Amino acid sequence: MQVPLEITARHVDLNDSLEQTLRERTDALERFHPRLIRCHVTLEGPGEHHRNGGPFDVRIDLRVPGKEIVVSHQSAEELMIAIRDAFDAAKRQIHDFVERQRGETKVHDEAPEATVNKLFSDRGYGFLQTRDGRVVYFHRNSVLGDFADVKLGSRVRYAEEQGAEGPQASSVTLLAE
């Protein structure tokens, strides 16, 4: 790392053990992305007015070539949980950034469209007619929004998965008419 690890602690006892944990976690990030330029970790405890437990806030500011990554995590339980979760999130963000740089990020196709061609409102389900003529089942729980807004002939976007009885739609979203 070009700039040494910076640690700021507010309302938290920054003992040697805690500092060593932060250094180890930062070293692991640096092994994950060897061109890590800078890392600043800010720990914040509950303050003077709140002595029993959290919330604890952990903020990590990272700099890698071409990107600044900021992670903020809060845990009402323990400082070490907030630290673990914040560093895990930082690792995921670095990983995602590296994949985008390499062009390895998956490009998702737009969700397919269909028309509601059978609707059993009283029973909470219906069927979609896809553009290629297939019929796909959907349940009221798969509708994002209010099932009462779904009408016969409504245009929707959906995700398809294989159910026990055949294809079924999930994440059904009504399209504006």
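Scroll up for the structure.
Just so it is clear, the structure is predicted and the values come from calculations on it, not from any experiment.

The helix and strand inventory of the protein chain stands at two helices and nine strands. Along the protein chain, helices (α) and strands (β) appear in the sequence β-α-β-β-β-α-β-β-β-β-β when read from the amino end. Relative to the compact-globule value of 16 Å for 177 residues, the protein chain shows a C-alpha radius of gyration of 24 Å, a clear excess of over 25%. Principal-axis analysis of the C-alpha atoms gives the protein chain an extent of 65 × 45 × 30 Å. Considering the protein chain as a whole, with its 177 residues, one finds that 35% of them fall into the buried category. Restricting to contacts in the protein chain with at least 6 residues of sequence separation, those with at least 24 account for 50%. In the form shown here, the protein chain has an accessible surface area of approximately 11,000 Å², with 45% of it arising from carbon and sulfur atoms. Of the charged side chains in the protein chain, 24 are positive and 30 negative, and the gap between their average positions amounts to 4 Å.

It is worth spelling out the nonpolar core at this point. With 26 residues, the main nonpolar core has Val 41, Leu 43, Val 58, Ile 60, Leu 62, Leu 79 and Ile 83 as its most contacted residues. At the level of secondary structure, the elements contributing two or more residues to this core comprise helix H1 (16-32), strand E2 (38-44), strand E3 (56-64), strand E4 (67-75) and helix H2 (79-102). In terms of residues, this core owes the most to one element, H2, which gives 10 residues. When neighbours within four sequence positions are excluded, Leu 43 is seen to be in contact with Thr 8, Ala 9, Arg 10, Val 12, Leu 14, Leu 18, Leu 22, Asp 57, Val 58, Leu 79 and Ile 83. Counting residues in hydrophobic clusters, the runner-up holds 12 residues, among them Ala 114, Val 116, Val 136 and Val 156.

Moving on, we get to the sheet that holds E3. Here we have four strands laid out as an open sheet, ordered E1-E2-E3-E4, and mixed in their pairing. Each having just a single partner strand, strand E1 (6-10) and E4 make up the two edges of the open sheet. Across the sheet, the axes of successive neighbouring strands diverge by a mean angle of 10°, strand direction being ignored. With seven bridges connecting them, E2 and E3 associate as antiparallel partners. Opposite Glu 44, over in E3, you have Asp 57 as the bridge partner. Along the sheet, H1 makes contact with E1, E2 and E3, crossing E2 at roughly 145°.

It is worth spelling out the environment of Glu 24 at this point. Structurally, the position occupied by Glu 24 is in helix H1. Accessibility expressed as a relative area gives 46% for Glu 24, which makes it partly exposed. Separated by 111 residues in sequence, Glu 24 and Val 135 place their C-alpha atoms 54 Å apart.

Rules used in this analysis
- Residues numbered from 1 in each chain as written.
- Predicted model: local features only at pLDDT ≥ 70, side-chain atom pairs only at ≥ 80, totals over all residues.
- Heavy atoms only, no water.
- Helix = DSSP H or I, 4+ residues; strand = E, 2+ residues; numbered from the N terminus.
- Rg over C-alpha atoms; globule rule 2.2 N^0.38 Å.
- Buried < 20%, exposed > 50% of the residue type's maximum accessible area, 1.4 Å probe, protein only.
- Contact = heavy atoms within 4.5 Å.
- Areas by Shrake-Rupley, 256 points an atom, 1.4 Å probe, with all protein chains shown as cover.
- Lys, Arg positive; Asp, Glu negative; His and termini not counted.
- Charge placed at Lys NZ, Arg CZ, Asp CG, Glu CD.
- Core = buried A, V, L, I, M, F, W, Y, C linked by side-chain atoms within 4.5 Å.
- Pairing = 2+ DSSP bridges.
- Axes fitted to C-alpha atoms, helices over the stretch in contact; angles between N-to-C directions.

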